[in-house]
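The primary structure of each chain is shown beneath.
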Amino acid sequence: SQQGEEDPQALSIQEGENATMNCSYKTSINNLQWYRQNSGRGLVHLILIRSNEREKHSGRLRVTLDTSKKSSSLLITASRAADTASYFCATALNNNDMRFGAGTRLTVKP
Amino acid sequence: DVKVTQSSRYLVKRTGEKVFLECVQDMDHENMFWYRQDPGLGLRLIYFSYDVKMKEKGDIPEGYSVSREKKERFSLILESASTNQTSMYLCASSFRDRISGNTIYFGEGSWLTVV
């Protein structure tokens, strides 16, 4: 079964605005990861946050993790048209077999 | 750079055919995965393998089998293709049991159409 569920399913913003996507999961985790997928391509790893971390930054990306609520958020600041893609969170049931949600489709309008 | 290569980008097969999707990785990863991706359903894990000749069922293994004879190669087999197996198939690999977490590396995907 799906482990991570992203929200919203789709998000449309103007260039320069911030984009926030959320992920909820069901079981205890060792870490949570976010991936990006350009249309029709494979997924690319963006960032990993461990269960003992609450926040992590990488460039324009900010990820938070709340293990008490079993949720995570991905914030993309100062979005660009090139950020248009689908974004997925992923968790591992036993640190090996990764499960993904249905993703959030982000559209950034120039 | 890690490279996960899927042998075919686009395939069209007939119902009932046996279909092989091949995947090779060059990073000496222990884990390899096959997912299928359908609109609105995200990625669903079909099978994964954590070592040569080892395999574990994912969430939707029915109608599929896998083979891992060598560490770098993981094959997905559709014994008798059906139209409901029309989908995009993604192969991926990762190290196993890294305390820092196992980042997954994906291939570019194989679009399979069963007619």
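Keep in mind that what you see is a predicted model, and the values were worked out from it rather than measured.

A. Representation of the state of the cysteines in the model. All names here are of chain B. For the structure shown, the criterion picks out 2 disulfides over all chains. Between C23 and C91 runs a disulfide, and the two sulfur atoms are separated by 1.9 Å. In this structure, the disulfide formed by C23 and C91 twists by about -80° around the S-S bond and is classed as left-handed. Taken together, the positions of C23 in strand β4 (residues 23–25) and C91 in strand β10 (residues 87–94) put the pair 68 residues apart, joining distant regions of the chain. Like C23, the residue C91 is buried in the burial classification.

B. Expanded view of the interface of chain B and chain A. With 30 residues of chain B in contact, the opposing surface of chain A contributes 23 residues. Contact between chain B and chain A buries roughly 2000 Å² in total, counting both sides, with carbon and sulfur atoms accounting for 44%. For chain B, the biggest contributors to the area lost against chain A are L43, D59 and F106 of chain B; these three give 23% of the whole. Here chain B and chain A share 7 residue pairs in polar contact (both at pLDDT 80 or more) between them. When contributions to the side of chain B that touches chain A are tallied by element, the ones reaching two or more residues are β5 (31–38), β6 (42–49) and β10 of chain B. In terms of residue class, the side of chain B that touches chain A is made up of 13 nonpolar, 10 polar and 7 charged.

C. Structural view of the environment of L45 of chain B. Structurally, the position occupied by L45 of chain B is in strand β6. With 38 residues separating them in the primary sequence, L45 of chain B and T83 of chain B have C-alpha atoms 19 Å apart. Excluding its chain neighbours within four sequence positions, the residues that come into contact with L45 of chain B are D97, M98 and R99 of chain A together with F33, W34, Y35, G58, D59 and I60 of chain B.

D. Expanded view of the pattern of salt bridges. If you walk through the whole model with that rule in mind, you get 11 salt bridges over all chains. A salt bridge links E55 of chain A to R62 of chain A, with the nearest nitrogen and oxygen atoms 3.1 Å apart. On the accessibility criterion, E55 of chain A (39% relative accessible area) is partly exposed. Its salt-bridge partner being R99 of chain A, residue D59 of chain B comes within 2.8 Å of it at the nearest N-O pair.

E. Geometry of unusual backbone geometry. Cis peptide bonds are those with omega within 30 degrees of zero, and the linkage from D7 of chain A to P8 of chain A qualifies with 0°. By the secondary structure assignment, P8 of chain A is in the loop between β1 (4–7) and β2 (10–14). The phi dihedral of K53 of chain B is positive, around 65°, even though this residue is not glycine.

F. View of the sheet that holds strand β3 (residues 19–25) of chain A. Residues and elements named next belong to chain A. The strand order across the open sheet formed by 5 strands is β1-β3-β8-β7-β6, and the pairing between neighbours is antiparallel. Where the open sheet ends on each side, the last strands, each with one partner, are β1 and β6 (55–58). Along the sheet, successive strands turn relative to each other by an average axial angle of 20°, direction set aside. Alignment of strand β7 (residues 61–66) against strand β8 (residues 71–76), held across 6 bridges, turns out to be antiparallel. Bridging from a neighbouring strand, L65 pairs with S72 of β8.

What counts and what doesn't
Residue positions within a chain follow its written sequence, with the count starting from 1. Chain labels run from A onward and ligand labels from 1 onward, assigned in the order the entries are written. Only residues with pLDDT of 70 or above have their local features reported here, since the model is predicted, and side-chain atom pairs are shown and tallied only from 80 upward, although totals for entire chains, interfaces and linings are computed over all residues. Water and hydrogen atoms play no part in the side-chain values, which are based on all heavy atoms of the structure. A pair of sulfur atoms, both from cysteines and within 2.5 Å, is called a disulfide here. By the criteria applied, helices consist of DSSP H or I runs no shorter than four residues and strands consist of E runs no shorter than two, each listed in order from the N terminus. The cut-offs for exposure are 20% and 50% of the maximum accessible area for each residue type, with area from a 1.4 Å probe on protein chains only; residues under the lower value are buried, those over the upper are exposed, and the others partly exposed. In what follows, residue pairs with any heavy atoms lying within 4.5 Å of each other are defined as contacts. Note on definitions: buried area is the accessible-area loss of two parts on being combined, 1.4 Å probe, summed for both. N or O atoms within 3.5 Å of each other form a polar contact, as long as, within protein, one can give a hydrogen and the other can take it, and as long as residues adjacent in sequence are counted only when both atoms are side-chain atoms. Polarity classes work like this: nonpolar for Ala, Val, Leu, Ile, Met, Phe, Trp, Tyr, Cys and Pro, charged for Asp, Glu, Lys and Arg, and polar for all others, with Gly in that last group. Criterion for a salt bridge: a side-chain nitrogen of Lys or Arg within 4 Å of a carboxyl oxygen of Asp or Glu. A pair of strands counts as paired when DSSP detects no fewer than two bridges linking them. Axes here mean lines fitted to C-alpha atoms, for a helix over just the part in contact, with angles spanning 0 to 180 degrees between N-to-C directions.

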